[in-house]
Structures are given as C-alpha cells and as structure tokens.
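Now for the letters of each chain:
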Amino acid sequence: IEGIFTAIYDIYTHTSKHIATLDNCKVLTGEIGNFELFSEYIDVVTDPEKAMKVTRTICDRFGFEAYECFLYAAACDDERKADVIYKSIVTGFKMNAGFKLVSMWTEPSVALMNELQRKARNEFFRWREFLQFHELNGGTLFSRIGPVCDILALLAPHFENRLPNENFMIYDEIRDKYLVHEKGKASIVVIGDGLLPNENNILSDNDKHYDALFKVFTESIAIKERENLKLQQQLMPLRIQKYKIEF
C-alpha cells in the first residue's frame, strides 16, 4: 500500500492537477506485461513519508473506513488494484464525495474497489478464524498459511492483541515471508528465503503429543452418517484444510 500511495502522491505533485490530466494517469504494480504506445512509464520508489501524507489526506477527506477499504483492496491478488485505488481517490476529490466515497457504487472504480476489498476481507476472516499454531522447540508458536490475498500484515493486530505475551511466527508460503512477533513488541514482516527448516523436525514433543490427541478427539466425535463434504468445503475450502491438523 505504501508504494501505491507514493505513486499517487507523485502524480498529484507532478501534474498540473487538471482532472483530464489525472484521468490519463495509471498506477501499476509489479512487472509490466504489454507496454502501451505513446505512454510514458515512470518507476516509483516507495517513500514512507509520502505514503503517510496520502494516508492522512484520505482519512481527513474520506474517513478511516475508506482508508481501510483501500488497505484491503491493496492486499487483493488482482493486477488492477493499484489503478482502481488511484481512480477511486480521483473520483472522491472530483465529486467531493467526503465520507460517502465507499458508498458510491454507481462509480465503476469505487464499485470495483469494493469488490476487491471484499475478496481480501473474506480471505482475512477465513484465516483469522482457521489459523492454527504449533509449538516449536524453545516455546515459539508457529503457523504456516497459504492465502490467496496478501493478508499477512493485516493479521498482525488481531494476533498481537490475542497473544501479546507470546513469541510467534506466521509463514505465508505463497509469498515466502514471515510475520514475526516478539513478546511485548510490535510485529514485523520479513522475507523468508529459507529462514526456517521443515517445522516437522523442530516441533516440541508437547506439541506433537497434543496434535495426536486432537486428531483422536475429532475422529471420536465425528458422526459418519452425517458427513457432508460439500458443506464442509463450503465453510472451509480444500486449500485451507491442508493446513489444519484435523484433516
């Protein structure tokens, strides 16, 4: 999100601020596939100070709800997300939307932004509820996840609040990065790059014992005649089940 906000800051700083000029700009993330004719491409270096200025402006002009929606939209796995966020902000200023920006469903950019943020938010809620920790040797809690959207940093406030006195790590194996929390401190996100070996080799004996007990428990309370795999997969998709002890 900081990179997207930096690009938006640069656009407003380096254009004449005419609406027509702003409408002709695009914000892209990642590698560019097909270049457009007669277009100028400018690489933007993420600047936390510029991003913070954009954040303050969004919160002041459109409210914290709009900022939160942009945050989730930026986590979505959609290549259109950066431009959609930019176009939504332009729309908000152009129409003087105020705190009603996220409710302007008739505006294409805002409608798409809401669609993206809803997808990422649903993914966030799934992993917040279904994520399981294992205890490693030394007492650190560890969890491996594979979310469709880049929600790792968004999970931090929930688990910091729930486990403030625990050392824990959450590993996003899709993007190879970790959310690392040290007892009593704020969490940080670090790139994996082979940081941790196979956790099965470093699980504590206590964790292995309780994992086995939990499997026996779930098997003993299951009623085979009432098994409904279709409903089960609706509530917990197969891509999440592979990270759960009971499956």
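Up top you'll find the structure we're talking about.
Not measured: the values here are computed from a predicted model.

1. Observations concerning the pairing of strand β3 (residues 168–172)
- Of all the 5 residues making up β3, 5 are buried; the element is thus mostly covered by neighbouring parts of the structure.
- Side-chain alternation along β3 places Phe168, Ile170 and Asp172 on one buried face and Met169 and Tyr171 on a second face that is also buried.
- Across 5 bridges, strand β2 (residues 141–145) lies against β3 in parallel orientation. When the sheet's bridge partners are listed, Leu141 is paired in β3 with Phe168.
- At this point the chain moves from β2, through helix α7 (residues 152–162), to the parallel β3, and the crossover so formed is right-handed.
- Looking at chain direction, β3 and strand β4 (residues 177–181) are connected through 5 bridges and run antiparallel. Residue pairing for β4: Phe168 is matched across the bridge by His181.
- Following β3, the chain reverses through 4 residues before pairing antiparallel with β4; Asp176 in that reversal takes a positive phi of roughly 55 degrees.

2. Thoughts on a nonpolar patch on the surface
- Nonpolar side chains collect at one region of the surface, where Leu28, Phe35 and Tyr41 lie side by side and expose about 320 Å² of accessible area between them.
- The residue Tyr41 is located in the loop between α2 (19–23) and α3 (48–62) in this model.

3. Some details on the layout of surface pockets
- When its volume is computed, the second largest pocket comes out at roughly 670 Å³.
- Along its surface, the second largest pocket is lined by 22 residues, and Ile1, Glu2, Gly3, Leu71 and Ala74 are the ones closest to its centre.
- Counting only elements with at least two residues in the lining of the second largest pocket, the list comes to α1 (2–14), α3, α4 (64–75) and α7.
- The residue makeup of the lining of the second largest pocket, split by class, is 14 nonpolar, 4 polar and 4 charged.

4. Things to note about the side chain of Lys244
- Structurally, the position occupied by Lys244 is in the segment after α10 (238–241).
- In contact with Lys244, not counting residues within four places along its chain, are Phe130, Gln132 and Met236.

5. Focus on the pattern of salt bridges
- Within this structure, the stated rule accounts for 13 salt bridges.
- The closest approach of N and O atoms between Glu129 and Arg128, which form a salt bridge, is 3.0 Å.
- The residue Arg175 makes a salt bridge to Asp172 at a minimum N-O spacing of 2.9 Å.
- Judged by relative accessible area, which is 0%, Asp172 ranks as buried.
- Among the ionic contacts, a cluster of salt bridges with common partners joins Glu123, Arg126 and Arg239.

Calculation criteria
Residues numbered from 1 in each chain as written. Predicted model: local features only at pLDDT ≥ 70, side-chain atom pairs only at ≥ 80, totals over all residues. Heavy atoms only, no water. Buried < 20%, exposed > 50% of the residue type's maximum accessible area, 1.4 Å probe, protein only. Helix = DSSP H or I, 4+ residues; strand = E, 2+ residues; numbered from the N terminus. Pairing = 2+ DSSP bridges. Right-handed = clockwise from strand over helix to strand, strands pointing away. Patch = residues over 30% accessible without salt bridge, like charges linked within 9 Å, V, L, I, M, F, W, Y side chains within 5 Å. Areas by Shrake-Rupley, 256 points an atom, 1.4 Å probe, with all protein chains shown as cover. Salt bridge = Lys/Arg side-chain N within 4 Å of Asp/Glu carboxyl O. 1 Å grid on protein atoms, 1.4 Å probe; cavity = no way out; pocket = protein on both sides within 12 Å on 5 of 7 lines; lining within 4 Å. Points joined across faces, edges and corners; volume = space filled by probe spheres on them. Nonpolar A, V, L, I, M, F, W, Y, C, P; charged D, E, K, R; others polar. Contact = heavy atoms within 4.5 Å.

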